[in-house]
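Observations on the three-dimensional arrangement
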Amino acid sequence: QVQLTESGGGSVQTGGSLRLSCAASRGTLSNYIIGWFRQAPGLEREFIAGITQSGTGTNYAVALQDRFTIYRHNAETTAYLQKNNLKADDTAVHYCAASVETSPAAAQVDYDYWGQGTQVTVAA
């Protein structure tokens, strides 16, 4: 069991960057793969990226992989999502999630624990 808290969201201009954080408490981060998802108004929750327990294996949504990077620092009990060259369509609530799976899964149903989300707003 692990509790996740996202932070780092906010409002940025088109072309700007943000780094989102996913901090773990009440659990050991290194026991879990971590996934990042986003959900824009009126749309389904969308996979962004996933990372293995060690941080050596990653999985990215094809449409986003050139601009976003997932990584983690287990000693800090935190995982991150670096978002560069942001566009208006990146506006969404962003969630991190954890699972005991051993591959960086892309499906929501593969994740057991979810944070409350952090809002990213990109001004056109």
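It should be noted that the structure appears before, not after, this text.
These figures come from a predicted structure and were not determined experimentally.

1. Focus on the environment of Ala-61
Note on placement: Ala-61 falls in the loop between strand S6 (58–60) and strand S7 (68–73). Here Ala-61 falls in the buried class, since its relative accessible area comes to 15%. Between the C-alpha atom of Ala-61 and that of Ala-106, which follows or precedes it by 45 residues, the distance is 8.2 Å.

2. Here's the deal with the nonpolar core
Ranked by size, the top nonpolar core spans 32 residues in total, and within it Leu-4, Trp-36, Ile-48, Ile-70 and Leu-81 carry the most contacts. Counting only elements with at least two residues in this core, the list comes to strand S3 (18–25), strand S4 (33–39), strand S5 (46–51), S7, strand S8 (78–83), strand S9 (92–99) and strand S11 (118–123). Every residue in contact with Leu-81, bar those within four places of it in the chain, is listed here: Leu-18, Arg-19, Leu-20, Trp-36, Ile-48, Ala-49, Phe-68, Thr-69 and Ile-70.

3. Here's the deal with the sheet that holds strand S1 (residues 3–7)
Across the sheet, which stays open at both edges, the four strands sit in the order S1-S3-S8-S7 with antiparallel pairing between neighbours. For this open sheet the edge positions go to S1 and S7, each flanked by a neighbour on one side alone. Adjacent strand axes in the sheet meet at a mean angle of 20° when their direction is disregarded. Pairing geometry for S1 and S3, over five bridges, is antiparallel. Along S3, the bridge assignment pairs Gln-3 with Ser-25.

4. Some details on the side chain of Thr-78
Position of Thr-78 among the secondary structure elements: in strand S8. There is a polar contact of 3.0 Å between the side chain of Thr-78 and the backbone oxygen of Glu-76. With residues up to four places along the chain from it excluded, the contact list for Thr-78 reads Ser-21, Cys-22, Ala-23, Leu-29, Arg-72 and His-73.

5. Some points on the pattern of salt bridges
By the definition in use, this model includes three salt bridges. Asp-90 is paired through a salt bridge with Arg-67; the nearest N and O atoms lie 2.7 Å apart. With a gap of 23 residues between them, Asp-90 in the loop between S8 and S9 and Arg-67 in the loop between S6 and S7 connect regions that are remote in the sequence. For the residue pair Asp-90 and Arg-67, the accessibility class agrees, reading buried in each case. When salt bridges with common partners are traced through the structure, they connect Arg-38, Glu-46, Arg-67 and Asp-90 into a single cluster.

6. Focus on the pairing of S11
Because side chains alternate across S11, one face comprises the buried residues Thr-118, Val-120 and Val-122, and the other comprises Gln-119, Thr-121 and Ala-123, none of which is buried. Of the pairings in the sheet, the one linking strand S2 (residues 10–13) to S11 comprises four bridges and is parallel in character. Bridging from a neighbouring strand, Val-12 pairs with Val-122 of S11. Bridge count for S9 against S11 is three bridges, and the pairing is antiparallel. Looking at the pairing, Ala-92 lines up with Val-120 of S11.

Parameters and conventions
- Residues numbered from 1 in each chain as written.
- Predicted model: local features only at pLDDT ≥ 70, side-chain atom pairs only at ≥ 80, totals over all residues.
- Heavy atoms only, no water.
- Helix = DSSP H or I, 4+ residues; strand = E, 2+ residues; numbered from the N terminus.
- Buried < 20%, exposed > 50% of the residue type's maximum accessible area, 1.4 Å probe, protein only.
- Core = buried A, V, L, I, M, F, W, Y, C linked by side-chain atoms within 4.5 Å.
- Contact = heavy atoms within 4.5 Å.
- Pairing = 2+ DSSP bridges.
- Axes fitted to C-alpha atoms, helices over the stretch in contact; angles between N-to-C directions.
- Polar contact = N/O pair within 3.5 Å; in protein donor to acceptor, adjacent residues only side chain to side chain.
- Salt bridge = Lys/Arg side-chain N within 4 Å of Asp/Glu carboxyl O.

Scope: geometric values only; no functional claims are made or implied.
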